[in-house]
Amino acid sequence: MRTSRARSGRGSDRRQAAKSGIAGAAALIGAAALVVSVVPAQAVAAPPTPGPAEVVPGKGTSTPSLVGGIREDAGAGGSAADAAKRHLAEKKNRYRIDRPDRDLAPVQSLTNGASETVRLQQKHHGVDVLGGQYVVRMEKKNGKRVVTGASGKYFTALTTGTTPEVSEELAVERAVDATLAQLDREGFAVDTGDEGDAPPLTGTAHGLVVLPKGPGVLTHHVTVRGTDPATRQPVLREVYVDAQAGYPILQYSGIKTFGTAGGGRSASGSMSAPGQRVAADGSAVKGSGVKFDGRTVELDLTHEPSNNQYVMRDAARMRDGSKAAISTWDVRKKSVDEVSRQWPSDVLEFRSPNPAFGKEATEAGAVDAHWAAGRVYDYYKSVHGRDSLDGRGMAINSMVGVTYYGTPYVNAFWDGTKMVYGGGDAEYRPFSAALDVVGHEMTHGVVENSANLVYAGQSGALNEAIADYFGNAIDTDAHGTPMDSPEAGLLGEGLCRTKSPRACATRDMNDGRTTSKSFLGVDFGTDNGGVHLNSTIFSGALWDIRKDLDRTLADRIVYRALTEYMTPLDGFTEGRNAVVAAAKDLKVSAKDLNAVTRAFNGHGIVTDWELAIGADTDQLLGKLETKDSRPGAGGGWWVASKSNESGSEAYSVWAGRADGTGEKKLISPNDGRYHINPVTDGRTVVWEARGRFGADLLSRSLAGGPVKTLVQSRYGFHQQAKVEGDVVVFVQNFRRGAALLGYLRKGDTEPTYLDDAVSRRDAIAQHSLKGGKIAYGTRIYKGHGKYEYSVKVFDIASGKTTVMPQLGTPLNVGQTAITSKYVFWTVDEIADQGQRAVRRANLDGTGVIDISKEQGADALYPASLTASEDAVTVWSRTPDTQYRNETLPKLWQFSADGSRRARMSCNRGEQGLPAAVSGTQVVWIDSSAGYADLVTRTRPAGNCG
C-alpha cells in the first residue's frame, strides 16, 4: 500500500543526483515479435571461445547496461527470442534476471544476415515496465546460435503491487484535467465552453504501466487528445496517473517536429493515423517535376486509366507484392488539427493530367516531398538494407501544405504513421522543400520502429540528434557537400526565401556545444525536457565521427547503435556506449575507434558528466522529483513538496528556514496522498492533498500539532492558496473549468466566496493576500468569444472592493502580488507576441504605472510574479517555439519603484515558480542540473551578460 512508503527529507547532493536519461516518458512498443531481413549475410566469426565478458554496470539496477566481448553457445532450438531468454536464464549470475521466461516478452527480432538481434520487454507481474527493454545479440550458422552481447535496461528493484485502487475512468478524468491545467497559459482556468458543448479534450486508457522509479510506481497510461481551447492547436499528451492515489505523475507531449524556424506555429501532438495507406490500382510510370531550387527531377508516379490522371504514388520501389507505396497527399485546404493522428476522408494524392507536374505542385512543395521521400527510402535500403521505415515495407505517406486554420503553418512532424509538412509563409518555403527536413522526419519513423527512444528529456534529445544526423547525412551526400564545409552541419538552411543559409538554419551540428558548457536543464513543459535544446550536443559528436571516418562507415556505426543497442530510456552516456560498441562490432581500426571516443569526449559526453554543471545559487532542498507543485515562502521560512530520491514516493511537504540554518521539518502526514502547492506565513503552512477521493485543503502550524482540514473539493484547487495570520484564501475548482475564489477566517465553519464569477465561463484567480486584503484578477465572458479582464482588491474587514484602473484595455491580466503599499500585476494590452507589462498601483487604485513596459527591447513575457515590500520578482518565459538559453524561463527582479532591474540568477537552463521571502531574497525551483532543486539567492546576480 502507498501508505507504507518510507519518507526522506534529505536533499541529495549533486553526485547522488547525477543521472543519465530520464525515468519515464513515451509509450512502449508492442510485444508481438516480428522478423526483419536486412543486409546480405556476412561471414560468421570463429566458434565460441572462453573469455571474460566486458560488463558495464547498470544504474539503479543489478542488471548490466551492456555486456560485450563474449561468444557463448545459445543452443539450436526454438526461435531467436527463445534462445535469447534461454541465454539470460543460463547466465543468471551475470544478468540478475530471475525469470526471463516469465518477465520478458518478445518485442522485435531483427535478422541482419547471420546476425540476430532480439528486443525483449520487461514485465512486472504481467504489467509492462516503462522503458524496461533488454537486447540480446547473436550470430546464427548452420542452425546454431552464439550470443555476442546484450544491453539495455532491466529494473531489478521493482517490488510494487499491480492491483490498482483507482479506476480507469477516474484516471482518464484526472489525465484530462491535468492536461487542461498544463494548457493554462493565462493563469485562469481554461474556458471549455458552454454547458452541453463537446469537451475539447478526451482521454483513452491504455492499461497499467509500471514506472521504473525505485520500487516502481503503478500507473494508468492515458493518452489525451483534442484541441487546445485557447490556441486551437491539436493536443496529444501521454499521461501516467498513479493508480493508487490518482495523481498524474508524468505528462509529456508526443510532438516530433523538425523544430520551428523563426517562431512559426507547431503542432502540440504527434499522433498516428489509423491504418496504412497502400497503392490503389494503376500502372507505374515515370514523370517529372521541378523542385523549389529550380532543378527538374524524375518522379515515380502511378497512371490511373479510369480518369487518365497521373498521381504521386510510387509503387515501383517496393517490389514485394504488398501494394505498399510512397504517396504524397494534398492537404492545402486542411488545418493541422484535421490531419494530426487522423486521415480526412476527402484528401487525395497530388495529381496531374500529364506526367510532367507543373508550377502548382512545385510551389506546394509536393515535387520536393515526393522526390525526397524516394531518396530517403533508397538511402535506408541501399546503405542499411532497411525496407521502409518499419523495416517491413510499410507505406510511406507525406501530407503536404497543411495550414493553421488557413494561416501559415511553419513546421513539419512525424505523427506515428506519416509525415506532415507545413506550407510555409512569406519567408519560409514549404517544409518539404528541404531534403534534410524530409530525412529528419522519416528517420523519426525509423527510430520509433527500432529503439523507440522516448521523446522527452535526454532520450528525446537523443531521438532528435539521430533524426538530425541521418537527415543531414542524406542531404549532404545528395548535394555533394564536403564534410569540412562550414555549412555541412546546418539543418533546414535551405528553407528560406531571402535569408542566408546560416541565418535560416534551425540547428547547427557544428555549433561545438558540450555538456559542461551548453546543457540546458528544463522541465518537461519546455521543449519536452530539452529535446531540441540539447540535441546538438549528441548530434555534434556523431557529426564529428562522420567528419573523421568514412561517411558510409560512420552511418553504419550509428545505424547499428540505434537498431541493435539503444533502448527507449537511453540518455547521452548510454548513447555513447552504444555507438562505441557498434563501432567495435564493425571491427573498425584502432585509429577510427579512437576518433569515435574522441568525438564524444570533445562534447563532454563522459561518465557522470552531469556533475560538471555549476550554479550560482544556494540549494535548500535537492532533487525534488515532483510535478506541478509550487514552493512557498514567508516569515523567514520556505515550504516545498518533495518525493524521495528515486521519485517513487507520493509527495510530502517540507519546511525550512530561508537562511539555510536548522533542521528541515516534515509537515504533511504519510498517508499515500500527494501533498502539493504549500504556502506559509512563517507560522502556519497551508497546502493541498490530492488522493483518489478528491482533494483537501489542509493546514498545520510550523511548531507542530494536528493537521486540520479546511476545505474539501472533488476537483481540487486552482493555483496555490495564500495564508496570513488567521486568513486563508484559495480558488476552488469545479467541473469543466469553473472555479470560485473563497476565503476562511479563524472560527469560520464555511468559506465565503466572492461573487465576481457569475457564469461557468467566468473565472477568478491570480490571487494574493496581505494585511487582510485580497488582490485578484477576473475574466468575465461577454459573449461571442469576448472577455473582460480586471484586477481588484477586496478588503475582508470592510467588504469593500476596489477596481484597479488600467492604462489601456486589457486583453489579459496575470498574477497579482500585494504588499502593504502596492498591488502589482501583469497585463497584456497589445496584440503582440505575448509580451506583458508589469504594472503597479497604490492600494486605493491611484498612481498606476508600468515598471516594465509591454513593448520595447526590454519587454518581458511574464508567466507569474511575487513581491516583498522591497522588490517584485517576475518569472518570464518566451514563446515555446524558440529554443535557446536566452529564451528559457528566467527570473527578473525589479525594485518596488521600478528603478532597478536585474536577473535573479545567471544559471543556465530553466528557473521558475518564484516565491518572495523578504527584502530581495527569493526561493524558486531551478532545473539547471537537469532535475529540480529548490534554491535561493538573497540578492540578484546582475545582468548575466
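Here we summarise the structure given alongside this text. Fair warning: this is a prediction, and the values are worked out from it, not measured in the lab.

Procedures and definitions
- Residues numbered from 1 in each chain as written.
- Predicted model: local features only at pLDDT ≥ 70, side-chain atom pairs only at ≥ 80, totals over all residues.
- Heavy atoms only, no water.
- Pairing = 2+ DSSP bridges.
- Helix = DSSP H or I, 4+ residues; strand = E, 2+ residues; numbered from the N terminus.
- Axes fitted to C-alpha atoms, helices over the stretch in contact; angles between N-to-C directions.
- 1 Å grid on protein atoms, 1.4 Å probe; cavity = no way out; pocket = protein on both sides within 12 Å on 5 of 7 lines; lining within 4 Å.
- Points joined across faces, edges and corners; volume = space filled by probe spheres on them.
- Nonpolar A, V, L, I, M, F, W, Y, C, P; charged D, E, K, R; others polar.
- Expected span 1.5 Å × (residues − 1).
- Contact = heavy atoms within 4.5 Å.
- Buried < 20%, exposed > 50% of the residue type's maximum accessible area, 1.4 Å probe, protein only.
- Disulfide = S-S within 2.5 Å.

1. Details of the sheet that holds strand β33 (residues 708-713)
In a beta sheet, neighbouring strands are held together by backbone hydrogen bonds and run either parallel or antiparallel to one another.
And step 1. Strand order across the open sheet formed by 4 strands is β30-β31-β32-β33, with antiparallel pairing between neighbours. At either margin of the open sheet sits one strand with a lone partner, and together these are β30 (674-680) and β33. The average angle at which neighbouring strand axes cross in this sheet is 20°, direction not considered.
And step 2. Two elements, β30 and strand β31 (residues 684-691), share 5 bridges in a ladder whose sense is antiparallel.

2. Describing empty space enclosed by the protein
Where empty space is left can be seen by rolling a probe of water-molecule size over the atoms.
And step 1. Taken as a whole, this structure holds 4 cavities of 30 Å³ or more when the rule is applied.
And step 2. At the level of secondary structure, the elements contributing two or more residues to the lining of the largest cavity comprise β8 (144-153) and α16 (572-585).
And step 3. Broken down by class, the residue content of the lining of the largest cavity amounts to 3 nonpolar, 5 polar and 3 charged.

3. Observations regarding helix α5 (residues 168-183)
And step 1. The end-to-end C-alpha distance of α5 is 23 Å, a good match for the 22 Å that 16 residues give at a rise of 1.5 Å each.
And step 2. The inward-facing, buried residues of α5 abut β9 (201-211), β10 (217-227), β11 (234-242), β12 (248-253), β31 and β32 (694-701).

4. So, unusual backbone geometry
And step 1. In the Ramachandran plot, N308 falls in the positive-phi region, its phi being about 55° despite a non-glycine side chain.
And step 2. For N308, the position within the fold is in the loop between β14 (296-304) and β15 (309-311).
And step 3. Even without being a glycine, E625 presents a positive backbone phi close to 55°.
And step 4. Within the fold, E625 resides in the loop between β25 (618-621) and β26 (632-634).
And step 5. Residue classification places E625 among the buried residues on the basis of a relative accessible area of 19%.

5. Examining the state of the cysteines
And step 1. Counted under the stated rule, the structure contains 2 disulfides.
And step 2. There is a disulfide in this structure between C496 and C504, and the S-S distance comes to 2.1 Å. Because the torsion about its S-S bond is 90°, the bridge between C496 and C504 counts as right-handed.
And step 3. Owing to a relative accessible area of 7%, C496 belongs among the buried residues under this scheme.
And step 4. By sequence-ordered numbering of the bonded cysteines, the protein chain has its disulfides arranged as 1-2, 3-4.

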